[in-house]
Amino acid sequence: MKAQFLASALVLVGVLAGFSVNAQTTQPTPAAQAGDSGITPNGAIGEVKVIDNAAKQLIVKTDAGSLVTVALNDKTIYMRLAPGEKTLTNATRIAFADVGEGDRVWARGKVADDHKSVPATALIVMNKVDIAKKQEAERAEWKRRGVLGIITALKPESKEITISSRAMAGPQSLIIPVSDKVEMRRYAPDSIKFTDAKPAKFEDLKVGDQLRALGERNPESTGFTPEKVVTGSFKTVAGVVTAVDAATGEVKINDLQTKQPLTIVIKQDAVLRKFPAANEMAAMMMMSRGPGAGGASGGQTPPAGRGAGQGAGPGGGQGGGMRMGGGGMNMQDMLERLPMIAIADVKAGDTIIVSSTRGADPSRLTAISLISGADTFLNMMAARQAQAGGPTAPNPSAGLGSGIQFGIGLP
């Protein structure tokens, strides 16, 4: 039985770190396959939300939002696994008392027909602190060794991707060859998290897609050797809010470009931020100037958002977007430092910018990131583009006409 447990655990170790269950391996029931991929006939995967010590039960919330009651007993096996581990070789035995709220767990056992409970024969645990540390390390690596851009050309015969990327010197073309050893993933329609990206092939890519890659530039900065590539077809819109329903998580806007009404769906992992008023923005820019300034040094840094949904994240490690002032504030870095808000903070009459993947219904967008108070930002962008001889109004669907891409986030 122990050997069978270990074999099954190896299949799902990756899921604990945020990846999806392989349907062919786990053989989910039609109901589970059509519903919540975090629930299969032999287990449930998610975050611990409630611990009932007296009843020896957990309530686990899956990534899709389902709540599952996990019943534990004296025979339940508890094991802790470090994030990133692919086998149970380095797993350590722990006790029920070592499980904490916020930990990510796989509760193994026969799931009830209604998918609402599971008596766990084993509980594989990834500690929330360990997950946060690994995520922060991954984010730092993607910033340092990453590149972000828009796909401008594809060569299927040689599997070469050409992107337009922003560097400190301005826009540049970068060629990225993709070998069979490169890990390729792609945002699915209506998905909002970096970790939701699914395995992909070169044939899935399209000109106009956003791309984020991890790897190394060549000495001439004309090419890039990737280790990992994440892509997606994204849509960015700006509009004026006409109604907000915090209970259903929906924001209705009038699209500034098309003049058509749109419904923005705000899910749990969406990142909502607020752009400062014009006078506050001027103060931020002044604080950022000076020798070695880069980002909002000299000021308070608001807490970083959750990994996947950093849709307005830095443009890789190459300087990202435009720079402001003499010493300069990197615009995309600044966007990530904006204060976080809740949907209740978004009001009718606000101007917002929203990024999303392209879904099945063009009248509804599932937000990856949302920035309120965007009229200040759009006015500033328009002024800069006018100075550069470009259009006086930025086009959100083209990355706001500035090389700033909303969409693909960081781990």
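Residues numbered from 1 in each chain as written. Predicted model: local features only at pLDDT ≥ 70, side-chain atom pairs only at ≥ 80, totals over all residues. Heavy atoms only, no water.

Enquirer: In this structure, what is going on with the environment of proline 276? I would like to understand it.
Expert: Along the chain, the position of proline 276 falls in the loop between β20 (271-274) and α5 (278-288). Considering only alpha carbons, one finds proline 276 and leucine 338, 62 residues apart in sequence, at a separation of 7.9 Å. (Helix = DSSP H or I, 4+ residues; strand = E, 2+ residues; numbered from the N terminus.)

Enquirer: In this structure, what is going on with the confidence of the model for the protein? I would like to understand it.
Expert: Across the protein, the average pLDDT comes to 77, with 70% of residues at or above 70. Between residues 1-34, whose pLDDT stays under 50, and residues either more than four places distant or in other chains, the model counts 57 contacts. Note on residues 290-329: pLDDT under 50 across the span, and 128 contacts to partners over four residues away in sequence or across chains. (pLDDT = per-residue confidence, 0-100. Contact = heavy atoms within 4.5 Å.)

Enquirer: What is the right way to read the packing of aromatic side chains from this model?
Expert: Here the distance between the centres and the angle between the planes together describe a pair of aromatic rings. Tallied over the entire structure, the rule returns 3 aromatic pairs. Look at tyrosine 187 and phenylalanine 234: their rings are 5.1 Å apart centre to centre, the planes differ by 70°, and that puts the pair in the edge-to-face class. Separated by 47 residues along the polypeptide, tyrosine 187 in the loop between β13 (183-186) and β14 (198-199) and phenylalanine 234 in strand β17 (residues 234-245) bring together distant segments of the chain. Judged on exposure class, the residue tyrosine 187 and its partner phenylalanine 234 are both buried. (Phe/Tyr/Trp six-rings, centres within 6.5 Å; stacked < 30°, edge-to-face > 60°. Buried < 20%, exposed > 50% of the residue type's maximum accessible area, 1.4 Å probe, protein only.)

Enquirer: Help me out: how do you make sense of the pairing of strand β18 (residues 250-255) in this one?
Expert: Remark: a regular strand shows side chains that alternate across the two faces of the sheet. The two faces of β18 differ: Val251, Ile253 and Asp255 on one face are buried, but Glu250, Lys252 and Asn254 on the other face are not. Two strands pair when backbone bridges link them, and β17 and β18 are joined in this way by 6 bridges, in the antiparallel orientation. If you follow glycine 239 over to β18, its bridge partner there is aspartate 255. A loop of 4 residues connects β17 with β18, the two strands running antiparallel in sequence, and glycine 249 in this loop sits at a positive phi of about 70°. With 5 bridges connecting them, β18 and strand β19 (residues 261-265) associate as antiparallel partners. Note on β19: the bridge partner recorded for glutamate 250 is valine 265. Between β18 and β19, which follow one another and run antiparallel, lie 5 residues, and lysine 259 among them has a positive phi close to 65°. (Pairing = 2+ DSSP bridges.)

Enquirer: What's the story with the pattern of salt bridges in this structure? I'm lost.
Expert: Here the idea is simple: oppositely charged side chains can pair when their charged atoms come close. Tallying each qualifying case throughout the model produces 10 salt bridges. The salt bridge partner of lysine 49 is glutamate 47, with a shortest N-O separation of 3.6 Å. On the accessibility criterion, lysine 49 (35% relative accessible area) is partly exposed. The exposure class assigned to glutamate 47 is partly exposed, which follows from its relative accessible area of 27%. Via salt bridges that share partners, Glu141, Arg145, Glu216 and Glu227 belong to a single interconnected network. (Salt bridge = Lys/Arg side-chain N within 4 Å of Asp/Glu carboxyl O.)

Enquirer: How do you make sense of the nonpolar core when you look at a structure like this?
Expert: Nonpolar side chains in soluble globular proteins tend to be buried together. If you look at the biggest cluster of nonpolar residues, it comprises 20 residues, and the most contacted ones within it are Leu58, Val70, Leu72, Tyr78, Val99 and Leu123. Elements that contribute at least two residues to this core include exactly β2 (43-52), β3 (57-61), β4 (67-71), β7 (104-108) and β9 (122-126). Looking at which element gives the most residues to this core, the answer is β2, with 3 residues. For valine 70, the residues in contact, after removing those within four places along its chain, are Lys56, Gln57, Leu58, Val60, Ala107, Val118, Ala120 and Leu123. Counting 17 residues, the second-largest nonpolar core is a separate cluster that includes Ile253, Leu272, Ile343 and Val346. (Core = buried A, V, L, I, M, F, W, Y, C linked by side-chain atoms within 4.5 Å.)

Enquirer: So what exactly am I meant to see when it comes to the environment of glutamine 172 here?
Expert: Along the polypeptide, glutamine 172 turns up in strand β12 (residues 170-177). In this structure glutamine 172 comes out as partly exposed when scored by relative accessible area, which is 24%. When the C-alpha positions of glutamine 172 and threonine 222 are compared, they lie 8.2 Å apart, and in sequence the two are 50 residues distant. Within polar-contact distance, the side chain of glutamine 172 engages the side chain of arginine 217 at 2.6 Å. (Polar contact = N/O pair within 3.5 Å; in protein donor to acceptor, adjacent residues only side chain to side chain.)

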